Amino acid sequence: MNVDELVRDALRDQAEGQPPAGPGFADRVLSVRRRRRSRRLATVAAAAAAVIAVVVAVPVLDSGKQDVRPSGGVEHTGITPHPDQSPPRDVIAAGRVALAAYFTHTIVEQSADRAVSQRTYRLLNPKTKKYAKDDRWSYVAVAPGMTTAAVLERDLPVPRIGLLDLASGQVKRWIPVDRPVAGVEFSTDGRKLVATTYSENPDRRVKIDGSEGWDAPFMQSDRTGFHVIDVASGSSSWAGVEIGGGAHDPEAFINSRQDFAFTRDGRFVWSGMPTEPGEKFYDFTGREVPAPALEQYRDWSVDAGVSPDGQLVAGAFAGRKWKTSSFVLDARTGKQREVRGQQLLAWADGNSLVAWDIGPDGNEFRQRLVLVTIGGEKTTPLSDFRSPEDNTKGRWEPVFAER
């Protein structure tokens, strides 16, 4: 019996006797109980949470045609853990998803009181199954299937989006845009991109009086709207989205980086905000629309989002049954269940998730990737622990994609 089989048996044992599931960035987590608040009020948020869902097609870069996979995609039931690696060197995967890339942050000073928070990516090569540094890009989004990534060059915002072949490391095609972008995300079927437009670099930093570091982002965002792009043809449309109307308008104080992403069904785009209602949804013309039924309980600060079958939604930190745990909600009723895991990152399947969690020492600043199961009492380590120190080279941030 190999490791995958042992793990599957263990997870099956954990789930026995449990009822089936009902029909359903913060920068630098300094304290679990402050995580959600800090994300909503002063985060240098990563791009809006990518929605992990059923994959239908993956773009072919050369021809502009579609390589259509069977509905439901390719099933992956095993896990590939490397609990001795942090940052990881070899592929980490669980169920339907894999760690497609990860990045670290560096503050690059531009003047005495201005700087930029710059990302450096390590991308998974689908042939070698290893992560390799690629410092050409300021932002990377990996498409379902994990053979292609959308990449943005340095000096944001930029006037074009590259489609990178992850095996060769070569950009196969550039998609020009008429308004500069600083964030990009794929739809769940890989056919479309939503690219968030900004008039200035959203990763700029300033020093606050009395502060020694570069921790504070601009709270007055320079976001202007979004492009919806057809990956195969490169055609796009742009929609402007007003941020707010004045100093007393809470929407005027969204985080400096507050990117758009697609809803699970790809019909709308959405964006988080640090004040109520927490999220806003838009059609492709930029007109605000009510939250879709399966998205109404989404929490923008939780990366995992809606489950692949659309029945559940990953929720915020709970910390009730266990010191570190999170809520999972029924997508239609909002009914909560508690699952292990400090921070839910991606759905491995309809009943289990990849999460950050702490170890037996109880140190809330020291986390590793784990697989958690709804109704299960245990976690399965997928990586070694991140450094407990903030803003160090060991503090890597994951990027998951459907495999």
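Residues numbered from 1 in each chain as written. Predicted model: local features only at pLDDT ≥ 70, side-chain atom pairs only at ≥ 80, totals over all residues. Heavy atoms only, no water.

An unreviewed UniProt entry lists the protein under the name WD40 repeat domain-containing protein, from Streptomyces variegatus.

**Q** Describe the overall build of the protein, listing the residues and the values that go with them.
**A** Along the backbone of the protein there are two helices and 28 strands. For the protein, the proportion of its 403 residues judged to be buried stands at 58%. Accessible surface for the protein amounts to roughly 16,600 Å². Of this, 50% is attributable to carbon and sulfur atoms. (Helix = DSSP H or I, 4+ residues; strand = E, 2+ residues; numbered from the N terminus. Buried < 20%, exposed > 50% of the residue type's maximum accessible area, 1.4 Å probe, protein only. Areas by Shrake-Rupley, 256 points an atom, 1.4 Å probe, with all protein chains shown as cover.)

**Q** Quick one: what's the story with the environment of Phe260, residue by residue and with numbers?
**A** Mapping Phe260 onto the fold places it in strand β17 (residues 260-262). Given a relative accessible area of 0%, Phe260 falls into the buried group.

**Q** Outline the sheet that holds strand β20 (residues 288-289), listing residues and values.
**A** Across a sheet, paired strands are connected by hydrogen bonds in the backbone, their directions being either parallel or antiparallel. The sheet built from four strands is open, its strands ordered β17-β18-β19-β20 with antiparallel pairing. If you trace the sheet from one side to the other, it starts and ends with β17 and β20, each paired once. (Pairing = 2+ DSSP bridges.)

**Q** Before we move on, could you go through the environment of Gln220 and cite the residues and values that matter?
**A** Here Gln220 shows up in the loop between β14 (216-217) and β15 (223-230). For Gln220, a relative accessible area of 45% puts it in the partly exposed group. Expressed as a C-alpha distance, the spacing of Gln220 and Ile243, which sit 23 residues apart in the sequence, is 9.1 Å.

**Q** Talk me through the sheet that holds strand β24 (residues 343-349); I want residue IDs and the actual numbers.
**A** Pairing in this open sheet of four strands is antiparallel, and the strands run β24-β25-β26-β27 from one edge to the other. If you trace the sheet from one side to the other, it starts and ends with β24 and β27 (379-381), each paired once. Along the sheet, successive strands turn relative to each other by an average axial angle of 35°, direction set aside. Sheet topology note: the β24/strand β25 (residues 352-358) ladder contains five bridges and is antiparallel. Considered in β25, the bridge of Gln343 is made with Trp356. (Axes fitted to C-alpha atoms, helices over the stretch in contact; angles between N-to-C directions.)

**Q** Can you tell me about the pairing of strand β16 (residues 236-240), naming the residues and giving the values?
**A** Both β15 and β16 contribute to a ladder of five bridges, which runs antiparallel. Within the sheet, the bridge partner assigned to Ile229 lies in β16 and is Ser236. With antiparallel pairing between neighbouring strands as the criterion, β15 and β16 make up a hairpin whose turn holds five residues, including Gly234 at a positive phi of roughly 85°.

**Q** Requested: an account of the pairing of strand β10 (residues 158-165), with residues and values cited.
**A** Counting buried residues along β10, six of its eight residues qualify, which places the element largely inside the surrounding structure. The turn linking strand β9 (residues 148-153) back onto β10 is made up of four residues, and Asp155 within it adopts a positive phi angle of 60°. Two strands pair when backbone bridges link them, and β10 and strand β11 (residues 170-186) are joined in this way by seven bridges, in the antiparallel orientation. The residue of β11 that forms the bridge with Arg160 is Pro176. Connecting the antiparallel pair β10 and β11 is a turn made up of four residues, with Gly169 showing a positive phi of about 75°.

**Q** Could you give me a rundown of the pattern of salt bridges, with the residues and numbers involved?
**A** As enumerated under the stated definition, the model contains 16 salt bridges in all. Notably, a salt bridge pairs Glu153 with Arg160, separated by 3.0 Å at the nearest N-O pair. Glu364 is the partner of Lys323 in a salt bridge, and the nearest nitrogen-oxygen pair spans 3.9 Å. You can see Lys323 sitting in the loop between β21 (312-317) and β22 (325-330) and its partner Glu364 sitting in the loop between β25 and β26 (367-373), a full 41 residues away along the chain. For Lys323, a relative accessible area of 42% translates into the label partly exposed. On the basis of relative accessible area, Glu364 is assigned to the buried category, the value being 15%. Here the salt bridges share partners, and the residues they tie into one network are Asp203, Arg257 and Asp259. (Salt bridge = Lys/Arg side-chain N within 4 Å of Asp/Glu carboxyl O.)

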